[in-house]
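Overview (structure and organization)
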Amino acid sequence: MKNKFLKYISSVSFFIAVLSSCNDLDLAPTNKFTDLNYWTSTEKASAVLSMAYSQMFNANYFFANERLSDNLYEGRGNTNEKIITSGQADAALGRFANEWSDCYAGIKTCHTFLENVDRVPNMDESIKKRMKAEARFIRAFLYFRLTSHYGDVPLFDHNISLQEANTITRSPKADVLTFVRDELNAINVDLPRNGEYAEKDKGRITKGAAMTLLARTYLYENDWDNVALITSKIINGDYGSYELFPSYSELFLPANEYNNEVILDIGYTLNLRTWSEMYDAIPLSVGGRINACAPTQELVNDYVMKNGMGINEAGSGYDENDPYVNRDPRFEASIVYHGYQWKKGDGSLSTIYIKPGSSALAGVSNLDEYAGPGQNATATGYYVRKYFDPTAPEGIAAGLNLILMRYADVLLMYAEAKNELGEMSADIWNQTIKAIRQRAGFSDASSLNYPGTADMQNIIRRERRAELAFEGLRLFDIRRWQTIETVLNVTPHGAKFAANNTQYIELDKRQFDAERDYLFAVPQSQRDINKNLSQNTGY
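Residues numbered from 1 in each chain as written. Predicted model: local features only at pLDDT ≥ 70, side-chain atom pairs only at ≥ 80, totals over all residues. Heavy atoms only, no water.

Here we take up the overall build of the chain. Scanning the chain from terminus to terminus reveals 20 helices and eight strands. A compact globule built from 539 residues should have a C-alpha radius of gyration of about 24 Å, and the chain, at 24 Å, falls within 12% of that. Summarising its shape, the C-alpha atoms of the chain cover approximately 70 × 50 × 50 Å along the three principal directions. Within the chain, the proportion of its 539 residues that are buried is 58%. (Helix = DSSP H or I, 4+ residues; strand = E, 2+ residues; numbered from the N terminus. Rg over C-alpha atoms; globule rule 2.2 N^0.38 Å. Buried < 20%, exposed > 50% of the residue type's maximum accessible area, 1.4 Å probe, protein only.)

Once that is clear, we can look at helix α18 (residues 474-481). Most of α18 sits out of view: eight of its eight residues are buried. Every buried residue of α18 is accounted for by Arg 474, Leu 475, Phe 476, Asp 477, Ile 478, Arg 479, Arg 480 and Trp 481. Positive phi appears at Gln 482, one or two residues downstream of α18, with a value of about 65°.

Mean pLDDT over the chain works out to 93, with 94% of the residues at or above the 70 mark. Across residues 3-21, confidence stays below pLDDT 50; counting only partners more than four residues off in sequence or on other chains, it has 49 contacts. Note on residues 27-31: pLDDT under 50 across the span, and 14 contacts to partners over four residues away in sequence or across chains. (pLDDT = per-residue confidence, 0-100. Contact = heavy atoms within 4.5 Å.)

The subject of this paragraph is helix α5 (residues 94-116). Compared with the 33 Å implied by 1.5 Å per residue over 23 residues, the 33 Å span of α5 between its first and last C-alpha is a close match. Within α5, 18 of the 23 residues are buried, which leaves it mostly tucked inside the rest of the structure. (Expected span 1.5 Å × (residues − 1).)

Further remarks concern the pairing of strand β6 (residues 349-352). Here β6 shows a buried face lined by Ser 350 and Ile 352 and an unburied face lined by Leu 349 and Thr 351. One ladder, built from four bridges, connects strand β5 (residues 340-343) with β6; its direction is antiparallel. Counterpart to Gln 341 in the pairing with β6 is Thr 351. If you look at the hairpin formed by β5 and β6, you'll find five residues sitting between the two strands, and Gly 347 has a positive phi there, around 95°. (Pairing = 2+ DSSP bridges.)

What follows concerns the nonpolar core. The nonpolar side chains of a soluble globular protein tend to be buried, and buried together. Among the nonpolar cores identified, the biggest contains 160 residues, and Phe 113, Phe 137, Ile 138 and Trp 275 are the most heavily contacted of them. The leading source of residues in this core is helix α6 (residues 125-150), at 12 residues. (Core = buried A, V, L, I, M, F, W, Y, C linked by side-chain atoms within 4.5 Å.)

As a packed pair, helix α2 (residues 42-56) and α6 sit with axes 10 Å apart at the nearest point and diverge in direction by 25°. With respect to each other, α2 and α6 are oriented roughly parallel. For the pair α2 and α6, the sense of crossing is left-handed. Residue-level inspection shows Ala 45, Ser 46, Leu 49, Ala 52, Tyr 53, Gln 55 and Met 56 of α2 in contact with α6, the latter providing Met 131, Glu 134, Ala 135, Phe 137, Ile 138, Phe 141, Leu 142 and Arg 145. (Axes fitted to C-alpha atoms, helices over the stretch in contact; angles between N-to-C directions. Parallel < 35°, antiparallel > 145°, perpendicular 65-115°, else oblique. Left-handed = near helix turned anticlockwise from the far one by under 90°.)

One non-glycine residue, Ile 396, lies in positive phi territory at about 55°. Relative to the elements of secondary structure, Ile 396 occurs in the loop between β7 (383-384) and β8 (402-406).

Glancing now at the packing of aromatic side chains. What the rule picks out here adds up to 31 aromatic pairs. Aromatic side chains Phe 62 and Tyr 387 sit 5.6 Å apart centroid to centroid with 90° between the ring planes, which places their arrangement in the edge-to-face category. Here the residue Phe 62 occupies a position in helix α3 (residues 59-67), and Tyr 387 occupies one in the loop between β7 and β8, the gap between them amounting to 325 residues. One exposure class covers both Phe 62 and Tyr 387, and it is buried. An aromatic cluster of at least three residues, connected via ring pairs, comprises Phe 96, Trp 100, Tyr 104, Tyr 143, Tyr 150, Phe 156, Phe 179, Phe 520 and Tyr 539. In this structure, Arg 327 packs its charged tip against the face of Phe 331, placed 5.6 Å from the ring centre. (Phe/Tyr/Trp six-rings, centres within 6.5 Å; stacked < 30°, edge-to-face > 60°. Lys NZ or Arg CZ within 6 Å of the ring centre and 35° of its normal.)

Another aspect to go through is the packing of α3 against α5. In contact at an axis separation of 13 Å, α3 and α5 are set at 140° when each is read in the N-to-C sense. By the angle between their directions, the pair α3 and α5 is classed as oblique. Seen from above, α3 lies across α5 with left-handed handedness. Here α3 contributes Tyr 61, Ala 64 and Asn 65 to the contact with α5, which in turn contributes Arg 95, Asn 98, Glu 99 and Asp 102.

What follows is the structure, given as structure tokens:
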């Protein structure tokens, strides 16, 4: 996608721009851009499909979803996500309106492509069939996004008129999921496997992506039979060849993009299409601007010890006065803590001083030290490392792809499904959790051996959190487990840097109303236009 797709996006931006209107569902194109004077070549059709790829998801939502979970805390400003997690959101909130409009804009692009691509003269039929399957995947992805956040949403499989857009009702979530699943099953036959694309087409949607999304639609509904069935087929190689990349930390580096663990990612490339969310997440001393969001102590506490034990388990070896020693290796790859050795792009190391008073003792700048709430530095005593692009220029305009689906998640879905079905075994453990931990760098037998009668549900859930931290999936996990009612109804914490480093930082209390907050509000701006759009409970 980096080489072939992105170059088309700017050239087609004017084309998509004319599709917007007051009602986000009525993005009706004019004849000027849908008659034969546009649809004259495969390259022009590809430009529209490339725009649909760019509208499928982006870095802003990728990290914003993490901020809606208990993994990250926002220490500055009053963002949409902070308003939501504080329990103060209403139907006029920008996040609710933007997610809705962005998804339907992407759906509109897919409809425009599907309804006009047959006009292209002399187009290779096999390419056309594959591109139609890609557009249908993106549309299914967007509808799944919508129904995951809003529940019932307007569902239509073609361009609709202004009158239809202003009178359409919300379709039941079950109907939306049926549509998504039917689409994914139908297009699977027309999509290539991951190894069948040419180099210039790497990043395009594959059979594996379609089936992983299908598994995810069942995962979010706790339909364990279907999750186990689909993920087992992915693991068996029915839809492509996937494997764990050898190094966890290097999995998220530009040099290793498009490896065989990646099932689907968002394509970026320096100078052409970039993202900069890490600018406000990394330490200031290594190029950060301010710290807008930081890992919570609750996330840090969930990383097990190298022996596989939780920090509160007897015999774990955890020392509260030296808390970052002998921890899950993924912790080091993901989170910056006091004393962290930050590896720069040139390979040199920089010590990060976060504990109050520590930098003065070391005779260095105190840019990164915790200084209390609302300051430029971290609000929690931690910074983010995972997804830092060491090749990014000053300002952290990164060209690093963001992974939406990867094989480790498939293994974790399979392990969870088999456990919930009462079918977990040593063989399944070895195929999933053990393999993931070995790749992460665990070597202690007690962390790798099948734990038998242990609390397997908790082990798997904690494993998902550590393996997939900052990848945008935690919000949907705690929703489907219904633990969100607990973990977002607390006062979150930061490191033990309060009261002269004797107490854990107490952050702003979060609020979650179980009667309301599982779903976003239908945007008030859309309900003002279309009185037939009902509202979710509590808004």
